[in-house]
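Working through the structure, step by step
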Amino acid sequence: MGDSIPGPMFYSSTSDPTGKFPYDKSNPLQPPGGESIGGWAPGDVVVRAMNVYNNASNAIDAKVTKVKSTVNAAGLQPGDPAFEHFIDHMKIKIQYPAQNKIIYDGSLRGLLNGYVNIPAFAVYANGGAANITFTAHLDLDAGNIIQGKTFVFNFDLFAEQLKNNP
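Residues numbered from 1 in each chain as written. Predicted model: local features only at pLDDT ≥ 70, side-chain atom pairs only at ≥ 80, totals over all residues. Heavy atoms only, no water.

**Observations regarding the overall build of the chain**
Counting its secondary structure elements, the chain contains one helix and seven strands. The helix and strand sequence of the chain, counted from the amino end, reads β-β-α-β-β-β-β-β. For the chain, the proportion of its 166 residues judged to be buried stands at 40%. As displayed, the chain offers around 9000 Å² of accessible surface, 51% of which is attributable to carbon and sulfur atoms. (Helix = DSSP H or I, 4+ residues; strand = E, 2+ residues; numbered from the N terminus. Buried < 20%, exposed > 50% of the residue type's maximum accessible area, 1.4 Å probe, protein only. Areas by Shrake-Rupley, 256 points an atom, 1.4 Å probe, with all protein chains shown as cover.)

**Quick word on the sheet that holds strand S2 (residues 62-71)**
With antiparallel pairing, the three strands of this open sheet are ordered in space as S5-S2-S7. Edge positions in the sheet fall to strand S5 (116-123) and strand S7 (153-161), since each has one partner strand and no second. Looking at each pair of strands side by side, their axes are set apart by 35° on average, direction ignored. Where S2 meets S7, nine bridges bridge the pair, whose relative direction is antiparallel. If you follow Val67 over to S7, its bridge partner there is Leu157. (Pairing = 2+ DSSP bridges. Axes fitted to C-alpha atoms, helices over the stretch in contact; angles between N-to-C directions.)

See below:
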């Protein structure tokens, strides 16, 4: 159910300066159809999976209730016209397939102003895991202003103890 290749979810030239991205068309590990991540073009869609683990040894179950994205200082910063254009044209869809839940569906901009409340899902203690998927889609109408630019973002999830635990 997940991406078996460790590392960043959406590869770029800064995350792998060798240029041998796990999903690059020149790499034999490419998925069917091939992807050339690190060179986004309008209309590109990439789906990645993330497993969220609860390794609590005290048997405390948790629920994930919020999500946000933060800017990594290695990329362009807010206020730059290319940055503003990118965050409006990069669409993010986060899903929890096990419960058929759409956690978030909107522009990247919507995740940059702090945590966003989401439909909660449980992650049970003692090694419990939840597999969630992130779909990134660059709008067809994204302009050339983002060409040749680097964008680095982190996704953060917020979890809290389930109330029925001791």
